[in-house]
Amino acid sequence: MIEPKTPFDRWLLRFVSRPRLPLWLAGIAMLLSASCLFFGFYLDDHVGRYIYSDLPGADRLFELYAGGYGLTNGKPADTHWQIEHGWAPWWTLDTSLIRLYRPLGIVSHWLDFTLWPNSPWAMHLHSLLWLALLVLATTRMYRAALGPVLGSLAALLFTFDHTHGFVAGYICNRHSLITGVLGVLCLDQHLRAHAARSRTQQLGAYALYAIALTSGESALAIMGYLLAHALCVERAGLLRRGLRALPYLLITVVWRALYTRAGYGAFGSGMYIDPGRDPVAYVLALLERAPILVLGQFLAPPAELYSVWPASWARIMLVFACVFCVLFALALWPLLRRNRTAWFWLLGALISIVPAASTYPHNRQLLFASFGAMGLLAQLWNLHVLEQQNASSGLMRLSQAVGGVVFFVHVIISPLVMPVSTNEIVTTAPLFRAPASITDEIDGRDVVFVTAPDYFAVKLVQLFRRLEHKPLPRRIRALGFGPEHVTVQRTAADTLELEYAEGILSTPFMELYRDKRIPMQRGERVELEGLSIEVLELTDDGRARKVRFQFDMPLESRQLDFYYWSGGQFERLVVPALGQRRALPPATLDLHF
């Protein structure tokens, strides 16, 4: 082996050659994400606190939310019940389906809320232990694929990869860690079965793949690695390779058939796209989201910024992502043209992005893509540091430069960013001012939220009051969401008309309960207890622009409390006098640590 030129590369080679490296890496991974032990529950964690409790109504919501892995079940009656009881916005598509099959995740959370229901640090520790198991399993897999030295380097890069931070730090994402452990063990067994021609290990790989699918749909990405290995690494005849892969395909087909028949999947949401139910929309979303996810995996900025930045910045980010993809492909070419294993990692990572693109781009979707990405970077390092130390062509110099930047990001910057990535969920803390700004005077009244930054702000009001055994309103009604300009007009003693300047569903996150491509109709009505809603005007693409809300009592009634979002919290709203209008500020949310 050629001696590396730089002191850093020589140190790196010594470090990855040390004994007990897997245990070191598991400990480092837990340490880098250990800050999550101290920041409690966030977002859907509170949904879990409620639905896994014995509080009134919790069992009904547990069923509708599929144990925390769903929102709607495609049944109009159940959708209407959620709207009626304040769990979903009024515009929710009645046949909306967001229901994911993750029984292992449900068991995991059931254990949490049974053994330590009020100890978020214990739940975070539970997740960190799964992260440690993932690092141990991944190290074993890399060594089987790349040998002890390069495999250990790939494992080090995987341990440092900051894209795992959000998954490790968010209790509700633990299913991703469990799926990752089972998926990578499946791949490890498959690689070892191929090397040793072991039927027992091959059967173990089939079983692990089937079990992984019960933890998360992302396990489908492992199928991509298995197919990539058959195409790029295995040397047997096509028939033999096909027969070896056939059981994985049969397991996938049976799983998908049972999954759909049992009512799982996604339909009607702009944020979750089910390729089995809406393939055209999925392909279009994949073409847009794939470059963003590749950029998030190998460089920066994080993929999730694409959905929250202004449209002009998002377009710049997409162009930059496309340029980076081209440059990185050129940088990889000197490696790919001489190494079949590199093709395996590349194809596996790219195929992993296919299921990751089923929802809005986010680094948390990249766990399976990172398996291939880190293997690829380890081999690129080997090419330039140990095999080809002197660039002999322009393409090789480009490969060294681009590869060097990406490697530097992952081995130096990434571990520094990991604690920040782990704490990313903490940026939603301002959302928790929502329940704090509502007092007990709402007891037994109808609470009307005219504007809110997100539907979760409204949901949190009800969740917190139920969890803390505080007085509940009689009804919860929410009229508008998101950072848009809303004008309120009083047209009758019991009626408000809201004009949404950009129309409802004006930002990606507002499309959770309804895809904006599913048009509404002028005159469309939603009838709730004490409230009749009618769409009066539409935008050019079929989104509601003006809506009438007619209550069953005068708006000055003491039974009605109106609120709007201002200054980062809910404030009491004095409804306009008859015939008057009032412009409300956009319901923005300043996310920060």
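Note that the structure is predicted; figures quoted are calculated from it, not measured. (Residues numbered from 1 in each chain as written. Predicted model: local features only at pLDDT ≥ 70, side-chain atom pairs only at ≥ 80, totals over all residues. Heavy atoms only, no water.)

Colleague: Tell me about the overall build of the chain, and name the residues and values.
Modeller: A count of helical and extended segments in the chain gives 21 helices and 13 strands. On C-alpha atoms alone, the chain measures out to a radius of gyration of 26 Å, which is about the 25 Å that the 2.2 N^0.38 rule sets for 593 residues. Expressed as lengths along the three principal axes of its C-alpha atoms, the size of the chain is roughly 85 × 50 × 45 Å. Across the 593 residues of the chain, 57% fall into the buried class. Here the analysis covers contacts within the chain between residues at least 6 apart in sequence; of these, 74% occur between residues at least 24 apart. When the 53 positive and 46 negative side-chain charges of the chain are each reduced to one mean point, those points stand 11 Å apart. (Helix = DSSP H or I, 4+ residues; strand = E, 2+ residues; numbered from the N terminus. Rg over C-alpha atoms; globule rule 2.2 N^0.38 Å. Buried < 20%, exposed > 50% of the residue type's maximum accessible area, 1.4 Å probe, protein only. Contact = heavy atoms within 4.5 Å. Lys, Arg positive; Asp, Glu negative; His and termini not counted. Charge placed at Lys NZ, Arg CZ, Asp CG, Glu CD.)

Colleague: Please give an account of the sheet that holds strand S4 (residues 446-449) that cites residues and values.
Modeller: Remark on secondary structure: sheet strands pair via backbone hydrogen bonds, oriented parallel or antiparallel. In spatial order, the strands read S5-S4-S11-S12; together these 4 strands make up an open sheet with mixed pairing. Across the chains shown, the open sheet's two edge strands, defined by having one partner strand only, are strand S5 (475-478) and strand S12 (569-572). In this sheet, adjacent strand axes meet at a mean angle of 30° when their direction is disregarded. Two elements, strand S11 (residues 560-566) and S12, share 4 bridges in a ladder whose sense is antiparallel. (Pairing = 2+ DSSP bridges. Axes fitted to C-alpha atoms, helices over the stretch in contact; angles between N-to-C directions.)

Colleague: I'd like to hear about the sheet that holds strand S10 (residues 544-551), residue by residue, with values.
Modeller: Taken together, 6 strands build an open sheet; the order of strands is S8-S9-S10-S7-S6-S13 and the sheet is antiparallel. Two strands bound the open sheet, and with one partner strand each, they are strand S8 (525-528) and strand S13 (581-584). Averaged over all pairs of adjacent strands, the angle between their axes in this sheet comes to 20°, without regard to strand direction.

Colleague: Tell me about the nonpolar core, residues and numbers included.
Modeller: Within the largest apolar cluster, 189 residues are counted, with the highest numbers of intra-cluster contacts made by Trp90, Leu153, Phe449, Phe549, Phe562 and Phe570. If we skip the residues at most four places from it in the chain, tryptophan 90 touches Ile83, Ala478, Leu479, Tyr500, Ile504, Met520, Val526, Ile533, Val535, Ala544, Val547 and Phe549. (Core = buried A, V, L, I, M, F, W, Y, C linked by side-chain atoms within 4.5 Å.)

Colleague: Give me the lowdown on helix H14 (residues 279-298), citing residues and values where you can.
Modeller: Here H14 is 20 residues long and its end C-alpha atoms lie 27 Å apart, about the 28 Å a rise of 1.5 Å per residue gives. Residue arginine 289 marks the point of greatest curvature in H14, where the axis turns by about 35°; the proline proline 291 follows within four residues. (Expected span 1.5 Å × (residues − 1). Bend = angle between axes of the 7 residues up to and from the residue.)

Colleague: Could you give me a rundown of the pattern of salt bridges, with the residues and numbers involved?
Modeller: One pass over the full model with this rule turns up 25 salt bridges. Taking the shortest distance from any N to any O, the salt bridge between aspartate 561 and arginine 572 comes out at 3.4 Å. A residue pair is termed long-range when its members are at least 10 positions apart, and aspartate 561 in strand S11 and arginine 572 in strand S12 qualify at 11 residues. Its relative accessible area of 41% is what places arginine 572 among the partly exposed residues. Several salt bridges converge on common partners, so that one network encompasses Glu497, Arg525, Glu527, Glu534, Lys546 and Arg548. (Salt bridge = Lys/Arg side-chain N within 4 Å of Asp/Glu carboxyl O.)

Colleague: Tell me about the environment of serine 215, and please be specific about residues and values.
Modeller: Relative to the helices and strands, serine 215 resides in the loop between helix H11 (199-213) and helix H12 (220-232). Taking the relative accessible area as the measure of exposure, serine 215 reaches 0% and is therefore buried. Sequence separation of serine 215 and leucine 100 is 115 residues, and the distance between their C-alpha atoms is 9.7 Å. The residues contacting serine 215, other than those within four sequence positions of it, are Arg102, Leu104, His175, Ile178, Thr179 and Leu182. Engagement of the side chain of serine 215 in a polar contact is seen with the backbone oxygen of histidine 175, the distance being 3.2 Å. (Polar contact = N/O pair within 3.5 Å; in protein donor to acceptor, adjacent residues only side chain to side chain.)

Colleague: Now, about the environment of arginine 477: what can you tell me, with residues and values included?
Modeller: Positionally, arginine 477 belongs in strand S5. Distance in space between the C-alpha atoms of arginine 477 and asparagine 73 is 21 Å, their sequence separation being 404 residues. Aside from chain neighbours lying at most four places away, what touches arginine 477 is Ile83, Glu84, Val447, Val448, Phe449, Leu528, Glu529 and Leu531.

Colleague: Can you break down the packing of helix H8 (residues 148-160) against helix H19 (residues 394-422) residue by residue, with the values?
Modeller: Where H8 contacts H19, the axes come no closer than 8 Å and their chain directions differ by 40°. Overall, the two elements H8 and H19 adopt an arrangement that is oblique. Here Leu153, Leu157, Thr159 and Phe160 of H8 lie close against H19, whose contacting residues are Phe407, His410, Val411, Ser414, Pro415 and Met418. (Parallel < 35°, antiparallel > 145°, perpendicular 65-115°, else oblique.)

Colleague: Would you mind going over unusual backbone geometry in detail, with residue names and values included?
Modeller: A cis geometry characterises the amide bond from alanine 300 onward to proline 301, with omega recorded as 5°. Counting through the fold element by element, proline 301 comes out in the loop between H14 and helix H15 (305-308). Backbone geometry at alanine 66 places phi at a positive 50°, although glycine is not the residue there. By the element assignment, alanine 66 lies in the loop between helix H4 (58-64) and strand S1 (70-73). Phi at leucine 505 takes a positive value of approximately 60°, unusual for a residue other than glycine. Its place among the elements puts leucine 505 in the loop between strand S7 (495-500) and S8. Exposure remark for leucine 505: the relative accessible area of 3% places this residue in the buried category.

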